[in-house]
Amino acid sequence: MRHMETIIKRVKKGQLDKDSIEMAGAILKKGGLVAFPTETVYGLGADALNEKAAEKIYAAKGRPSDNPLIVHITNLGALEKITKNVPEETKKIADAYWPGPLTMIFEKSEAVPYGTTGGLDTVAVRMPSDEVARALIDVGGGYIAAPSANTSGRPSPTMAEHVEEDLTGRIDMILDGGPVSIGLESTILDMTVTPPMILRPGAITKEMLEACIGEVTVDKAVIKPNQRPKAPGMKYRHYAPKADLSIVEGEMSKVISKINELAAEQVKAGHKVGIIGTKESVANYICGDVKSIGTREDESTIAVHLFAILREFDADQVDYIYSESFDTEGIGSAIMNRLLKAAGHHVITV
């Protein structure tokens, strides 16, 4: 991957720097790469309808080319060019949750190259709510393919600094819009099957979708590794810190006791240990680099801090990380999905 100068521009919400947005849009139209904030995580954008531009995303990230990209749009009418056979429920879902942290999968039209869809006949589409993202999509041509703006397999970026760490010199520009508001990637809903199926959990939960359209199923691959990706992020190990991560699940007092036992053993052996706890539990840990990920009273606080904490442990150069497990209702399902992937599904039950 050739080294290039990466331009970094700070864009404040509520008073957008139009010159920086226009510069970024011009880069995209010329087939370049721009990282930008969304409400979920930072995305690495390229012209979704330009196959050579999409290929640059894979090269910059070190991403397998059969891992499809999400196409970002700003209006429902944009679906007409890139999809076909769109089901009736789509408008009802879009009215409820677009713009927002929801991706829907449709049959693709001929306008979308296979380089964008990872060779699939379907296309994943999202309409972000972040104003920087929306402004960039509009000036960049209306169809921006964007996976998370990180080296493939690493924790997703929730701040521009994370993008700089991974991709400086590999991409043309970073739009720094400050920290993201959600911190986990969008829910992915497959609209090509009946009933629609969740392929990746996120902030738009199964319960929310069922309140809108009725029955929604969940793909078994959400909790188990999948052989062939139906959607972005399903096949490969994701979100992984450099340390060996284990999740400890069970009754809370036993979890704390087990993590203390494991941490003490590793510290005695000369290893550096990280512990992921919550506001409610961190005082109970007796050794190691202990970090509070948020509060169980509001699991959105856990979601927004997850990836940043994994990156903090990388910076701290820990050898082992032990994490508490979390509920699998609502956004907790998305939190556990990401943690399990980060841990390579290594779970200790007590």
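Values in this document were obtained by computation on a predicted structure and should not be read as measured data. (Residues numbered from 1 in each chain as written. Predicted model: local features only at pLDDT ≥ 70, side-chain atom pairs only at ≥ 80, totals over all residues. Heavy atoms only, no water.)

Topic: the pairing of strand β6 (residues 102-108)
Move 1: Of all seven residues that make up β6, six are buried, and the element is covered over most of its length.
Move 2: Summarising the sheet, strand β5 (residues 83-84) and β6 pair through two bridges and their orientation is antiparallel. Each bridged residue has a counterpart across the sheet, and for Lys-84 the counterpart in β6 is Glu-107.
Move 3: Where β6 meets strand β10 (residues 187-190), four bridges bridge the pair, whose relative direction is parallel. Directly across from Met-104, in β10, lies its bridge partner Leu-189. (Buried < 20%, exposed > 50% of the residue type's maximum accessible area, 1.4 Å probe, protein only. Helix = DSSP H or I, 4+ residues; strand = E, 2+ residues; numbered from the N terminus. Pairing = 2+ DSSP bridges.)

Remarks on helix α2 (residues 51-61)
Move 1: Within the sequence span of α2, burial applies to Ala-53, Ala-54, Ile-57, Tyr-58, Ala-60 and Lys-61.
Move 2: Structurally, α2 contributes buried residues whose contacts are with β3 (43-47), α5 (114-117), β8 (144-145) and α7 (160-167).
Move 3: Where α2 starts, the residue carrying a side-chain oxygen 3.1 Å from the main-chain nitrogen of Lys-52 turns out to be Asn-50.
Move 4: Directly beyond the C-terminal end of α2, a positive phi value near 70 degrees is found at Gly-62. (Contact = heavy atoms within 4.5 Å. Polar contact = N/O pair within 3.5 Å; in protein donor to acceptor, adjacent residues only side chain to side chain.)

Looking at the pattern of salt bridges
Move 1: Applying the stated criterion across every chain, the model contains 15 salt bridges.
Move 2: Put simply, Glu-39 and Arg-126 hold a salt bridge, and the shortest N to O gap is 2.8 Å. Here the residue Glu-39 occupies a position in the loop between β2 (34-36) and β3, and Arg-126 occupies one in strand β7 (residues 122-126), the gap between them amounting to 87 residues. Take Glu-39 and Arg-126: they sit in the same class, and that class is buried.
Move 3: Across the pair Asp-95 and Lys-91 runs a salt bridge whose closest N-O atoms are separated by 2.9 Å. On the criterion of helical spacing, the pair formed by Asp-95 and Lys-91 is a turn pair, its members being four residues apart in helix α4 (residues 89-97).
Move 4: Asp-95 gets classed as exposed once you look at its relative accessible area, which sits at 52%.
Move 5: Connected through salt bridges with shared partners, the residues Arg-154, Glu-165, Asp-166, Arg-311 and Asp-314 form a single ionic network. (Salt bridge = Lys/Arg side-chain N within 4 Å of Asp/Glu carboxyl O.)

Points about the sheet that holds strand β14 (residues 273-277)
What links the strands of a sheet is backbone hydrogen bonding, and the strands pair in either a parallel or an antiparallel sense.
Move 1: Read from one edge to the other, the open sheet built from five strands follows the order β15-β14-β16-β13-β17, with strand pairing classed as parallel. Bordering the open sheet on either side are β15 (289-292) and β17 (347-349), each of which pairs with just one other strand. Within this sheet the neighbouring strands show an average axis-to-axis angle of 25 degrees, counted without direction.
Move 2: Two strands pair when backbone bridges link them, and β14 and β15 are joined in this way by four bridges, in the parallel orientation. Each residue of the ladder has a partner; that of Gly-277, found in β15, is Ser-292.
Move 3: Here helix α11 (residues 331-342) sits on the sheet in contact with β13 (244-249), β16 (320-324) and β17, set at roughly 135 degrees to β13. (Axes fitted to C-alpha atoms, helices over the stretch in contact; angles between N-to-C directions.)

In short, geometric facts, not functional conclusions.
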